[in-house]
Amino acid sequence: MTVTVTSALVTAPLPPHPVLLALFERIKEGVLLFREDGSVALANAAVSEILGQDERDAELTPAQWLRQLLPPDALEQARLNGHWNGSLPVGERMVIAHVYHHDDGGQRHYLALFRRIEGQEDYERELQQRHAELRQAYLRLNGTQEKLLQSEKMASIGQLAAGVAHEINNPIGYVHSNLGSLQEYLRSLFTVIEAYERALRAPDPKALIPEIDDIRQRFDIDFISRDLPQLMAESREGIERVTRIVRDLKDFSYSGRDESWKLVDLHAGLESTINIIWNELKYKVTLHREFGQLPLVECLPSELNQVYMNLLLNAGHAIADRGTINVRTGVDGDTVWVEFEDTGGGISPDLRQRIFDPFFTTKPVGSGTGLGLSISYSIINKHHGRIDLDSTPGVGSRFRLVLPIKQPR
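All of these numbers come straight from a predicted model, not from anything done at the bench. (Residues numbered from 1 in each chain as written. Predicted model: local features only at pLDDT ≥ 70, side-chain atom pairs only at ≥ 80, totals over all residues. Heavy atoms only, no water.)

Engineer: Honestly, the sheet that holds strand S5 (residues 107-116) in this entry has me stumped. Any pointers?
Structural biologist: What links the strands of a sheet is backbone hydrogen bonding, and the strands pair in either a parallel or an antiparallel sense. Read across the sheet, 5 strands follow the order S2-S1-S5-S4-S3 without closing on themselves; strand pairing throughout is antiparallel. Taken across any chain shown, the strands that pair with only one partner, and hence form the sheet edges, are strand S2 (40-43) and strand S3 (83-90). Going from strand to strand, the sheet's axes swing by 20° on average, the running direction of each strand aside. The pairing of strand S1 (residues 30-35) with S5 spans 6 bridges and is classified as antiparallel. Opposite Leu33, over in S5, you have Leu111 as the bridge partner. Each of S1, S3, strand S4 (93-104) and S5 is contacted by helix H4 (residues 74-81), which is oriented at about 160° to S3, the strand it contacts most. (Pairing = 2+ DSSP bridges. Helix = DSSP H or I, 4+ residues; strand = E, 2+ residues; numbered from the N terminus. Axes fitted to C-alpha atoms, helices over the stretch in contact; angles between N-to-C directions. Contact = heavy atoms within 4.5 Å.)

See the structure below:
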């Protein structure tokens, strides 16, 4: 195959193969050209010296020896990105490796270059480069985790959408009904006011008293005067209920990318979360609150609300027909704890080891993402806390979140 080189610097043909080999032997860095099947097209003496291949590995080709030294995904990364670079521990030294890939009509070729780290400057330069790469990888991982958390939040809200709509529709319904009653009440009151106005303009106002009494009786003004304050109070309560649900939904769905650590009342977050998911629980769950006196806790509140929701929903799903969920809080030294105990089916010992694994779920297909407990575990770990589990099959489960009051500095 003829390779066309477009560089304007190239003005002569390649030298013969022996000349190239002789030149490569003078290079102090290791140069290794090999194919996908491990066959070596070119390797200078520095390769064996730098990679540390000895008599015990004499039966291995340099390419096979390199595969043992490289990370498992190095060649795959080279195929995907065209190149891979990293450091390899060889004996007591570190070696910098660069691997390049080229696909020639299905025949894959790799060019690997090696340089042994020598001296303090090389080590410092390599450490700085690795630090920069690790920082970029951490930022990418952190961004992925935030997206995953936000996706799980929105998935939870999607699953609860019908219940939340029902919780909003109920108060809106009776506010609408009350407004209809209010309209009738106003019509009756205006009729009475008009009768009073006619009486005030009449030569003898007392002559219209029977008519006014008749109007008051027909429209039951005494009942209206008693019912109107209650009607207004119910309507205000309904609007406040809708406002509270919408506010809690907004707070819960908030992306925590820019959220800072703050001192928070955990009970407020618990109540907000219960308010959002109550329609999912109220038909089969009796909820008991046993709240202790908690100090303000340093945390990321929207993330903790996600944990509360996951644990409450799991507790509700564990209850088949009718049961109880106890939510307790308390203080233990320099930590606080939040506990969710249900009277559901419990968790068998063989499943307890896997419940925090990503994508593991015991729910039917389509009923859960398998990420709730895994994300909850990550969030509590991020808060330097822990999740304790105590479960008895057929009796129920108890999840306890233990969190430091102040984050370690």
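Engineer: Would you mind showing me how to read the environment of Ser391 here?
Structural biologist: Mapping Ser391 onto the fold places it in strand S11 (residues 386-392). Put simply, Ser391 and Pro349 are 42 residues apart on the chain and 8.4 Å apart in space, counted from C-alpha to C-alpha. Looking at Ser391, its side chain comes within polar contact range of the main-chain oxygen of Gly396, at 3.4 Å. Of the polar contacts made by the side chain of Ser391, one reaches the side chain of Ser397; its length is 2.7 Å. (Polar contact = N/O pair within 3.5 Å; in protein donor to acceptor, adjacent residues only side chain to side chain.)

Engineer: What is the right way to read the nonpolar core from this model?
Structural biologist: The nonpolar side chains of a soluble globular protein tend to be buried, and buried together. If you look at the biggest cluster of nonpolar residues, it comprises 39 residues, and the most contacted ones within it are Leu266, Leu304, Tyr308, Ile325, Phe340 and Leu401. Here the element with the most residues in this core is helix H9 (residues 301-318); it accounts for 8 residues. Setting aside anything within four residues of it in sequence, one finds Leu266 in contact with Leu294, Val297, Cys299, Leu304, Tyr308, Val336, Val338 and Leu403. In this structure, Ala46, Leu51, Ala63 and Leu66 belong to the second largest nonpolar core, which totals 24 residues. (Core = buried A, V, L, I, M, F, W, Y, C linked by side-chain atoms within 4.5 Å. Buried < 20%, exposed > 50% of the residue type's maximum accessible area, 1.4 Å probe, protein only.)

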